[in-house]
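# What the coordinates show
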Amino acid sequence: MSESAEATFAIRSGVDEMLNLFDRNPTAPKELWEDSVAALIEVTYSGTNAPELDTKARDGARRNLSTLMQPYLKRTPQSAVCDEYELMLPLAVYAHTRLQEDDHRIDKMAKLTNAAYKDCGTFTNAMGIDYKEEFQTGEASLEDTFDMVIWSLLFIEGQLVPGLEMPEESRDFPAKLWAFLEDYPLPGAKTYEDGARDEEFIEVAYLATHIAYIPTGNHRYPIYVSDSPRLFDFHRENFYAVLEMGELDLVAEFVDSLRQYGCTPENDRQVLDGTRYLLGLFHSGGDRWMTYREEGETDADVDNYDLVHKAWTGVLGVRDREIWSPDPGTYGGVVRDWLPYPRLPQRPD
């Protein structure tokens, strides 16, 4: 079997593993929340899968989304409270992108989300992070910075949802966060005594891979070296340290990031080595992603999120990407001014 065929088999297996887990565990979508949708739908972004596989993944994502929205459908907007904003916002975004445009649940989730934000009173309350203070001082914990990256992704997507009243600050926040991240320390594995096995480095590395989601729309669009040279350098300089450390999820995220730059197993040694390593882990687990265990990891250590994350990231790490050529002047080699995402052509769902 060729490596390309191996990857296709591993992708199909990963999608089936995730679908089977959600079928066997009716509570799993609520445990993973929006990740139960993202894990399946991101497989279809800018990929080269067979249409049948993409359809299967999209249908599974919609089933999970329906499960998450169901408790909200009989509620009034007046019942929404601030603590629910971070739960409702991703559902409102996915309702817009995943459901038919005449589906009443799109409007319902938008109204509930708007009401939850109004209950927060301020943008800072909604996020639960005093971002202005952190941007001003140039200091933020890794946890806060990671959370701000995730919020920025939601705020960017929210701008594209009709009826969703995005706070004015949310429109400026991603650009301000990107500027903040330009100077945010990303120490490499060599900085730490334990190298890539150091827990703080692992947090830094996951942050770096997620920063790349901001200009790419969670894997949908290309990223260029000039968008952030230091981000690209971090991936390059720490790639083999991460590979040697051997955490499936992190290796997969590094390979996936490089693929977003247009690197492939055919034109890039790191992507080739990373893809072969991931396929080796897949085979070592009996041709399943979820049965693979890290060194020292036991079945008792993993929950539904851990299992899904293995398949989710593994699939993204080994898939080929279909990078659309940008329209000249629309999607250049610098971060967009300033998103929402440029209108690159995309395959229809």
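Reading the values: rules and limits
Residues numbered from 1 in each chain as written. Predicted model: local features only at pLDDT ≥ 70, side-chain atom pairs only at ≥ 80, totals over all residues. Heavy atoms only, no water. Phe/Tyr/Trp six-rings, centres within 6.5 Å; stacked < 30°, edge-to-face > 60°. Helix = DSSP H or I, 4+ residues; strand = E, 2+ residues; numbered from the N terminus. Buried < 20%, exposed > 50% of the residue type's maximum accessible area, 1.4 Å probe, protein only. Lys NZ or Arg CZ within 6 Å of the ring centre and 35° of its normal. Core = buried A, V, L, I, M, F, W, Y, C linked by side-chain atoms within 4.5 Å. Contact = heavy atoms within 4.5 Å. Disulfide = S-S within 2.5 Å. Axes fitted to C-alpha atoms, helices over the stretch in contact; angles between N-to-C directions. Parallel < 35°, antiparallel > 145°, perpendicular 65-115°, else oblique. Left-handed = near helix turned anticlockwise from the far one by under 90°. 1 Å grid on protein atoms, 1.4 Å probe; cavity = no way out; pocket = protein on both sides within 12 Å on 5 of 7 lines; lining within 4 Å. Points joined across faces, edges and corners; volume = space filled by probe spheres on them. Nonpolar A, V, L, I, M, F, W, Y, C, P; charged D, E, K, R; others polar. Patch = residues over 30% accessible without salt bridge, like charges linked within 9 Å, V, L, I, M, F, W, Y side chains within 5 Å. Areas by Shrake-Rupley, 256 points an atom, 1.4 Å probe, with all protein chains shown as cover. Salt bridge = Lys/Arg side-chain N within 4 Å of Asp/Glu carboxyl O. Lys, Arg positive; Asp, Glu negative; His and termini not counted. Charge placed at Lys NZ, Arg CZ, Asp CG, Glu CD. pLDDT = per-residue confidence, 0-100. Polar contact = N/O pair within 3.5 Å; in protein donor to acceptor, adjacent residues only side chain to side chain.

## Quick look at the packing of aromatic side chains
According to the stated counting rule, one finds 20 aromatic pairs in the structure shown. Seen from their ring centres, F232 and Y261 are 4.8 Å apart, and the 70° between their planes marks the pair as edge-to-face. Taken together, the residues span a long stretch of sequence, with F232 in helix α13 (residues 229-245) and Y261 in the loop between α14 (248-260) and α15 (269-284) at a distance of 29 residues. A single burial state applies to F232 and to Y261, both of which are buried. Through a chain of ring-to-ring contacts, the aromatic side chains of Y85, Y117, F123, Y131, F135, W151, F155, F173, F180 and Y184 assemble into a single cluster. Across from the ring centre of Y45, 5.5 Å away, lies the NZ or CZ of R220, which sits over that ring.

## Quick notes on the nonpolar core
Generally speaking, nonpolar side chains in soluble globular proteins are found buried as a group. One finds M18, Y85 and M148 to be the most contacted residues of the largest nonpolar core, which totals 116 residues. The contact partners of Y85, leaving out residues within four places of it in the chain, are P90, T113, A116, Y117, C120, A126, W151, F155, M166 and P167.

## Some words on the state of the cysteines
Applying the stated rule across the entire model yields one disulfide. Sulfur-sulfur distance for the disulfide between C82 and C120 comes to 2.0 Å. Looking down the S-S bond of the C82 and C120 bridge, the torsion is 100°, so its handedness is right-handed. Separated by 38 residues along the polypeptide, C82 in the loop between α4 (51-69) and α5 (85-98) and C120 in helix α6 (residues 104-120) bring together distant segments of the chain. For the pair C82 and C120, a shared accessibility class is recorded, and that class is buried.

## Some remarks on the packing of helix α1 (residues 3-24) against α4
Their axes nearest at 11 Å, the elements α1 and α4 cross at an angle of 25°. Our classification of the angle between α1 and α4 gives roughly parallel. When you trace α1 past α4, the crossing you get is left-handed. The residues of α4 that touch α1, namely those facing I11, R12, V15, D16, L19 and F22, are E52, L53, K56, A57, G60, R63 and N64.

## Some words on the layout of surface pockets
Approximately 460 Å³ is the volume found for the second largest pocket. Elements with a contribution of two residues or more to the lining of the second largest pocket: α11 (199-211) and α16 (304-318). If one sorts the elements of the lining of the second largest pocket by residue count, α16 sits on top with four residues. A class-by-class count of the residues in the lining of the second largest pocket yields six nonpolar, two polar and nine charged.

## Some points on a negative patch on the surface
Together, D83, E86, D119, E143, D147, E199, E200 and E203 line one region of the surface with negative charge. Mapped onto the elements, E199 comes out in helix α11. Judged by its relative accessible area of 57%, E199 falls in the exposed class.

## Overview of the confidence of the model for the protein chain
On average, the protein chain scores 91 in pLDDT, and the residues at 70 or more come to 92%. Segment residues 325-333 is flagged for pLDDT under 50; beyond a separation of four residues in sequence, or across chains, it makes 19 contacts in the model.

## With respect to the environment of V149
With respect to the helices and strands, the residue V149 is situated in helix α9 (residues 142-158). In the structure, V149 is positioned 85 residues away from N64 in sequence and 24 Å away in space, judged by C-alpha atoms. Residue contacts for V149: discarding those within four places in its chain leaves L177, L181, L207, H210, I211 and I214.

## Some remarks on the side chain of R259
Note on placement: R259 falls in helix α14. For R259, a relative accessible area of 3% gives the class buried. A polar contact is formed between the side chain of R259 and the side chain of T275, at a distance of 2.9 Å.

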